[in-house]
Structures are given as structure tokens and as C-alpha cells.
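Here's the letter readout for the chains.
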Amino acid sequence: QVQLVESGGGLVQPGGSLRLFCVASGFTFSIYAMRWYRQAPGKERELVAFISSTGGTTNYADSVKGRFTISRDNAKNTVSLHMNSLKPEDTAVYYCNAFYIVHDYWGQGTQVTVSS
């Protein structure tokens, strides 16, 4: 059974940091590229960060570049998103996504709220 389970979300003040985790099971994690998306209320889902299957390539949305870092540990079937200098506009539900050719899996999401 394929599962992606996110954790690490919560309430943080502007300027603060959070680290999101996504633990994968039920598929060969090491061959899948991974992405973090987010969706704010009333907005479309937005791609935040991408990491290749080996971790050798990463890409970020312009809105988070320099503040967020995506990483993965293929030995632990885990991908993480380290978020620094958080802003209120980063408030959203964050989703972990795994994809490989036609296979596309999603987690249930974790809420991140940036507010004073």
C-alpha cells in the first residue's frame, strides 16, 4: 500500500522556521522524484520545490528561493522541506508528491500557519 505521510507543520511567527517531513512507503522511493506543493485557501495548488531521485537536482519556486531547502534521504525513504524566514504568505497546506513516469502519489497534507 502506497503511503506518503507528512509531518512537521504548525503555527510559527513571521521570520521563524519549520521543517516538514514526508515518509514514504509501499513503493521504490529511490527512483521517484519528489516535490512539495502548497495550497492556500482560495488559491490553486502551487509547486514549491523539486528534488530528483538521487538528490542531485533541486528547483524552487521564485517565492521561496533562498528561504526553503528540499532534501531527501533514500535510506530512510524521507524527503524534507526546511523553511526559514517564513512569511504570512507562506501559510498553506503543504503536500508531498512522488512521481515516476506515470506513477503519481500524494500525501494528505500538513498545515503551516505563519502568524503573529
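Our subject is the structure listed above.
Calculation rules
- Residues numbered from 1 in each chain as written.
- Predicted model: local features only at pLDDT ≥ 70, side-chain atom pairs only at ≥ 80, totals over all residues.
- Heavy atoms only, no water.
- Salt bridge = Lys/Arg side-chain N within 4 Å of Asp/Glu carboxyl O.
- Helix = DSSP H or I, 4+ residues; strand = E, 2+ residues; numbered from the N terminus.
- Buried < 20%, exposed > 50% of the residue type's maximum accessible area, 1.4 Å probe, protein only.
- Pairing = 2+ DSSP bridges.
- Axes fitted to C-alpha atoms, helices over the stretch in contact; angles between N-to-C directions.
- Contact = heavy atoms within 4.5 Å.

Under the definition given, this model contains four salt bridges. Residue Arg-38 pairs with Asp-90 through a salt bridge whose shortest N-O separation is 2.9 Å. Of this pair, Arg-38 sits in strand β4 (residues 33-39) while Asp-90 is found in the loop between β8 (78-83) and β9 (92-100), placing the two residues 52 residues apart along the sequence. The residues Arg-38 and Asp-90 share a single accessibility class, namely buried. The salt bridge partner of Arg-67 is Asp-90, with a shortest N-O separation of 2.8 Å. Remark: Asp-90 occurs in the loop between β8 and β9 and Arg-67 occurs in the loop between β6 (58-60) and β7 (68-73); sequence separation between them is 23 residues. Each member of the pair, Arg-67 as well as Asp-90, carries the same accessibility label: buried. A network of salt bridges, in which partner residues are shared, links Arg-38, Glu-46, Arg-67 and Asp-90.

Our next topic: the sheet that holds strand β3 (residues 18-25). The strand order β1-β3-β8-β7 describes an open sheet built from four strands, whose pairing is antiparallel. The open sheet terminates on both sides in strands that have one partner only, identified here as β1 (3-7) and β7. The average angle at which neighbouring strand axes cross in this sheet is 15°, direction not considered. With six bridges connecting them, β7 and β8 associate as antiparallel partners.

Once that is clear, we can look at the environment of Phe-29. Inspection of the secondary structure puts Phe-29 in the loop between β3 and β4. You can call Phe-29 buried: its relative accessible area is 2%. Between the alpha carbons of Phe-29 and Thr-69 there is a distance of 19 Å; along the sequence they are 40 residues apart. Once residues lying within four places of it in the same chain are set aside, the contact partners of Phe-29 are Ala-24, Met-34, Arg-72, Asp-73, Asn-74, Asn-77, Thr-78 and Val-79.

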